[in-house]
Amino acid sequence: MRKSMKKLIALTLACLMLATLFVGCGKKDDGDSSGGDTIKLGWMGSLTGDQAAYGTCESQTLKMMVEDLNANGGLLGKQVELICYDTKGDAQEAVNVAKRLCAQDQVCAIIGPNASGQCIAIQSVLDQYKISDMSTVATNEKVTMQDGQLKEYNFRVCFLDPQQGKIAGSFVYDNLGFDKAAILYDVNDDYALGLKDNFVKVFESKGGTIVAEEGYTAGDTEIKEAQPQIIFTPIFYQDFIMIHKQARTLGIEVPMLGGDGCASEVLFDAADAVDGSYVINHVSLVDPAGDAFRKEYAEKYNGAKMELNGYMAHDAFLLWCAAVEKAGSDDPQAIADAYSQVEVEGMAGKIKISAEDHNPVGKSGCVERIDGKNKTYVFETYIAAD
């Protein structure tokens, strides 16, 4: 279903017009701020803070792809200029960055951020400037729809929390054969609450029992006494590591299942603690179809590992290229309109954006087991998310 990056870039470039120029990330070319002979694309994400590994990989992936694109002819006869800013993992900073990209840099579209809270926060800025944002791994339902109302300029390439909850519940009950699960979650995080509720709904509908449900401050002892077969942890990778270490010291040895916020190469810094647990992902991090992509990235960035966000940034960029080509210009409104009129074959499969809710149609997700001893992931299965 997926192809190597080289093949995807080649297919995308086949229909593009010629122009060449090397481009950097995060700096404007003061020699020409008019954008007349460039197409300006913005990116925003966490380059510092707890999710810096995700943001760094996203921005580096986009820089690599823009350089490849420009070296092979550019887009609509123009160079592409990538402008990147750090949101510091903060919603208010995301608003500031969005204003800067739209008003000062005058980009035609934005890719990122990966966090749902940041995507939701910038909506008023996107509406004001009528500039679209294609979020990478923002799974909260409110990113593109709220109270039945479509957010005109927010789009995404990832599946949603309800779909991820379905994948989690189905995997635990159908694939692992477990009928007793505990849940450990951050009581103050919308991402965690959404995944928890959807997991419970699916797992219980299949006949499973939630034997314990605890917030971070409730402690792990009750979960141990409840004797679950698995613990569902809808959190982010740093907390995933911390909870594993704490659980193991308390003698809790059952595997854990984390959502897409847990899938990171950073986990292998705590390889022994997380060994044997599972993560839900949008695309397999060990699929041979991604070998060329991972190799190019590693060679360019001194052996760096490809994070999930790099795959999603890759697919978001292909969609943006296709939308610009469909629009025939870098007009922001025309690009926003074109997003639901194009289809690309990305690392996560075929991607078509729905005009009704601005979400990808027919997404599936995979589950991977963490092999801490060999510091790698082991692909388990794909499960239809829709």
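Further up the page is the structure itself.
Here's what I pulled together on the structure shown here.

The rules we used
Residues numbered from 1 in each chain as written. Predicted model: local features only at pLDDT ≥ 70, side-chain atom pairs only at ≥ 80, totals over all residues. Heavy atoms only, no water. Helix = DSSP H or I, 4+ residues; strand = E, 2+ residues; numbered from the N terminus. Expected span 1.5 Å × (residues − 1). Buried < 20%, exposed > 50% of the residue type's maximum accessible area, 1.4 Å probe, protein only. Contact = heavy atoms within 4.5 Å. Polar contact = N/O pair within 3.5 Å; in protein donor to acceptor, adjacent residues only side chain to side chain. Core = buried A, V, L, I, M, F, W, Y, C linked by side-chain atoms within 4.5 Å. Pairing = 2+ DSSP bridges. Axes fitted to C-alpha atoms, helices over the stretch in contact; angles between N-to-C directions. Right-handed = clockwise from strand over helix to strand, strands pointing away.

## Considering helix 7 (residues 190-205)
Part 1 of the reasoning: Taking 1.5 Å as the rise per residue, helix 7 with 16 residues should run 22 Å; its terminal C-alpha atoms sit 23 Å apart, in good agreement.
Part 2 of the reasoning: Within the sequence span of helix 7, burial applies to Y191, A192, G194, L195, K196, N198, F199, V200, V202 and F203.
Part 3 of the reasoning: Taken together, the buried residues of helix 7 touch helix 6 (161-175), strand 8 (180-185), strand 9 (209-215) and strand 10 (230-233).
Part 4 of the reasoning: G207 occupies a position one or two residues after helix 7 and carries a positive phi of about 110°.

## Looking at helix 3 (residues 91-104)
Part 1 of the reasoning: Given a rise of 1.5 Å per residue, 14 residues ought to cover 20 Å, and the 19 Å separating the end C-alpha atoms of helix 3 matches this to within 8%.
Part 2 of the reasoning: When helix 3 is considered as a whole, its buried residues turn out to be E93, A94, V95, V97, A98, L101 and C102.
Part 3 of the reasoning: Looking at the packing, one finds that the buried side of helix 3 touches strand 1 (38-45), strand 2 (79-86), strand 3 (109-111), helix 4 (116-121) and helix 5 (123-129).
Part 4 of the reasoning: The backbone nitrogen of Q92 has a side-chain oxygen 3.1 Å away, supplied by the residue at the start of helix 3, namely D90.
Part 5 of the reasoning: Remark: Q106 follows helix 3 within two positions and exhibits a positive phi of approximately 55°.

## Some words on the nonpolar core
Part 1 of the reasoning: Counting 91 residues, the largest nonpolar core has L267, F317, L319, W320 and Y339 as its most contacted members.
Part 2 of the reasoning: With 13 residues, the single largest contributor to this core is helix 12 (residues 308-327).
Part 3 of the reasoning: Y339 has contacts with A109, S132, M134, F155, L319, W320, A323 and I353, leaving out every residue within four places of it along the chain.
Part 4 of the reasoning: Core analysis: the second largest hydrophobic core is formed by 22 residues, V172, A192, L195 and L257 among them.

## Here we look at the sheet that holds strand 7 (residues 154-156)
Part 1 of the reasoning: With parallel pairing, 5 strands are arranged side by side in an open sheet as 2-1-3-4-7. Since the sheet does not close on itself, it has two edges, and those belong to strand 2 and strand 7, each with one partner. Within the sheet, the average angular offset between the axes of one strand and its neighbour, ignoring direction, is 25°.
Part 2 of the reasoning: Summarising the sheet, strand 4 (residues 132-135) and strand 7 pair through 3 bridges and their orientation is parallel. Its bridge partner lying in strand 7, M134 is registered against F155.
Part 3 of the reasoning: The strands touched by helix 3 within the sheet are strand 1, strand 2 and strand 3, with strand 2 carrying the most contacts at an inclination of about 155°.

## Brief notes about the pairing of strand 4
Part 1 of the reasoning: Along strand 4, one buried face is formed by S132 and M134 and the opposite face, lined by D133 and S135, is buried too.
Part 2 of the reasoning: As defined by bridge partners, strand 3 adjoins strand 4 across 3 bridges and the pair is classed as parallel. Among the inter-strand pairings, I111 is bridged to a residue of strand 4, identified as M134.

## Description of the sheet that holds strand 15 (residues 364-371)
Part 1 of the reasoning: Strand order in the open sheet formed by 7 strands is 9-8-10-11-12-15-16, and the pairing between neighbours is mixed. Single-partner strands in this sheet number two, and they are strand 9 and strand 16 (376-384). Direction aside, the axes of adjacent strands within the sheet are offset by 25° on average.
Part 2 of the reasoning: When strand 12 (residues 278-281) meets strand 15, the two strands line up antiparallel, connected through 4 bridges. Residue pairing across strands places Y278 opposite R369, the latter belonging to strand 15.
Part 3 of the reasoning: Where helix 7 meets the sheet, its contacts fall on strand 8, strand 9 and strand 10, and the angle it forms with strand 8 comes to roughly 170°.

## Examining the pairing of strand 8
Each regular strand displays side chains that alternate between the two surfaces of the sheet.
Part 1 of the reasoning: In terms of burial, strand 8 is largely enclosed, as 5 of its 6 residues are buried.
Part 2 of the reasoning: As paired strands, strand 8 and strand 9 are joined by 6 bridges and run parallel to one another. Within the sheet, the bridge partner assigned to A182 lies in strand 9 and is A212.
Part 3 of the reasoning: Each parallel crossover has a hand, and the one from strand 8 via helix 7 to strand 9 is right-handed.
Part 4 of the reasoning: Pairing between strand 8 and strand 10: 3 bridges, direction parallel. Looking at strand 10, one finds that A182 is bridged to I231.

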